[in-house]
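Summary of structural features
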Amino acid sequence: MKKFFMFLAVAGILTFTANIASAQDEAAAPEAAATEQVAEAPQAMTAEDLLKGTGEEVPFHQQIKSYFIQGGPGFMSAIILCLILGLALAIERILYLSFSKTNNKKLIEKIEAALAEGGVSKALDVCRNTKGPVASIFYDGLLHYDEGLDVVEKRIASAGGVQMSLMENNLSWISLFIAIAPSLGFLGTVLGMVKAFDAIEAAGDISPNIVAGGMKVALITTVGGLIVAMILQVFYNYILSRIDALSIDMENASIDLVDALAKNEKK
């Protein structure tokens, strides 16, 4: 439930930020148009004029907005939705993995001291009061300490698999958005090309302006989908690297715990 609320909070923040940026653009548009009027014959500046150049420096966010409008609100909105949801899931995973990081060396020292002072029960209290997957694995292993070290090792391996599954949670959804975003872009491109050929058929002539304009609009969706996929892919690979690092820490810490329990048995 906490992960669900965290995901909703991140998605809400991203959506709210996008709405604020859009509102600022809409509020600034009338002021920009008023300052660019010509005394003799005022002309409204369209998105196409911005992209072709008017002799003035066009803000980057205004260019992005113009491309978004030209690409078609339907497909571009779906691509942006993939980006927002994918980023929300990625940020949620990054936060979860950050909170899962613990000082394993210090935890082992506390467990060794607890075993020496109060036995397994006190070591269990240390694990119970420590957050993170390593502490959960240690707790599961110590619960079966009376059954022997072989059972403890098996329980640690099983608990490690469970914790790995928890760390990899929602990664399948991120990979889904990575695949869907360019697919939506390609679909928008194909439909845009169909519309371009319909315009050529209606005009009865292959005009360079009709062909170039239609192909340009069609390819915008592909560019948007590929950009979204690349952004999410970077986050996806970063999350995988964090999971690999945590899994290595868990394996090393599990070995240290078994060694500590073996030493405690010899005493």
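Placed above this text is the structure.
Source: prediction; values computed, not measured.

Remarks on the packing of aromatic side chains
Summed over all chains, the structure comprises 0 aromatic pairs. The ring of Tyr 96 has Arg 93 sitting right over it, with the charged end atom 4.4 Å from the ring centre.

Remarks on the side chain of Asn 104
Relative to the helices and strands, Asn 104 resides in helix H5 (residues 104-118). Exposure remark for Asn 104: the relative accessible area of 15% places this residue in the buried category. Those residues in contact with Asn 104, other than ones at most four positions away along the chain, are Val 134, Asp 249 and Ala 253.

What about the side chain of Ser 100?
For Ser 100, the location among the structural elements is in helix H4 (residues 73-100). Looking at Ser 100, the relative accessible area reads 6%, which means it is buried.

Concerning empty space enclosed by the protein
Counted according to the given criterion, the structure contains 1 cavity of 30 Å³ or more. For the largest cavity, the calculated volume is near 40 Å³. In terms of lining residues, the largest cavity is bounded by Ser 100, Lys 101, Thr 102, Asn 104, Pro 133, Val 134, Leu 246, Asp 249 and Met 250. Mapped by element, the contributors of at least two residues to the lining of the largest cavity are helix H7 (133-143) and helix H10 (208-266). Ranked by the residues each element gives to the lining of the largest cavity, the list is headed by H10, at 3 residues.

Examining the nonpolar core
If you look at the biggest cluster of nonpolar residues, it comprises 50 residues, and the most contacted ones within it are Ile 111, Phe 138, Leu 142, Ile 174, Ile 239, Leu 257 and Leu 261. Put simply, the parts of the chain that give this core at least two residues each are H4, H5, helix H6 (120-128), H7, helix H8 (149-167), helix H9 (171-203) and H10. Sorting elements by how many residues they give to this core places H10 first, with 13 residues. Once residues lying within four places of it in the same chain are set aside, the contact partners of Ile 239 are Ala 90, Arg 93, Ile 94, Leu 97, Leu 171 and Ile 174.

Structural notes on H6
Where H6 is concerned, the buried positions are Val 120, Ala 123, Leu 124, Val 126 and Cys 127. Down the axis of H6, the buried set is contained in an arc of 155°. They therefore lie on one face. Of the surrounding secondary structure, the elements contacted by the buried residues of H6 are H5 and H7.

Procedures and definitions
Sequence order as written defines the numbering, with residues in each chain counted from 1. Whole-chain, interface and lining totals are the exception, using all residues; otherwise, since this is a predicted model, local features are given only for residues with pLDDT of at least 70 and side-chain atom pairs are given and counted only at 80 or more. Only heavy atoms go into the side-chain values, all of them from the structure, while hydrogens and water stay out. What counts as a ring pair is set by centres within 6.5 Å for rings of Phe, Tyr and Trp (its six-membered ring), and what kind of pair is set by the plane angle: stacked under 30 degrees, edge-to-face over 60, tilted for all other angles. Criterion for a charge above a ring: Arg CZ or Lys NZ at most 6 Å from the ring centre, at most 35 degrees from the ring normal. For the purposes of this entry, the term helix denotes a DSSP run of H or I that reaches at least four residues, the term strand denotes a run of E that reaches at least two, and both are numbered from the N terminus. Categorising residues by exposure relies on relative accessible area from a 1.4 Å probe, with only protein chains included: less than 20% of the type maximum marks a residue as buried, more than 50% marks it as exposed, and the intermediate range marks it as partly exposed. Pairs of residues are marked as contacts when any of their non-hydrogen atoms sit within 4.5 Å. Of the two site types, the cavity is a set of points on a 1 Å grid over the protein atoms alone where a 1.4 Å probe fits but cannot get out, and the pocket is an open set with protein on both sides within 12 Å along at least five of seven lines, each lined by residues with an atom within 4 Å of a point. Grid points are joined across faces, edges and corners, and a volume is the space filled by probe spheres set on the points. We call a set of buried residues a nonpolar core when its members are Ala, Val, Leu, Ile, Met, Phe, Trp, Tyr or Cys and they connect through side-chain atoms within 4.5 Å of each other. Think of the arc as the fan of directions from the helix axis to the C-beta atoms.

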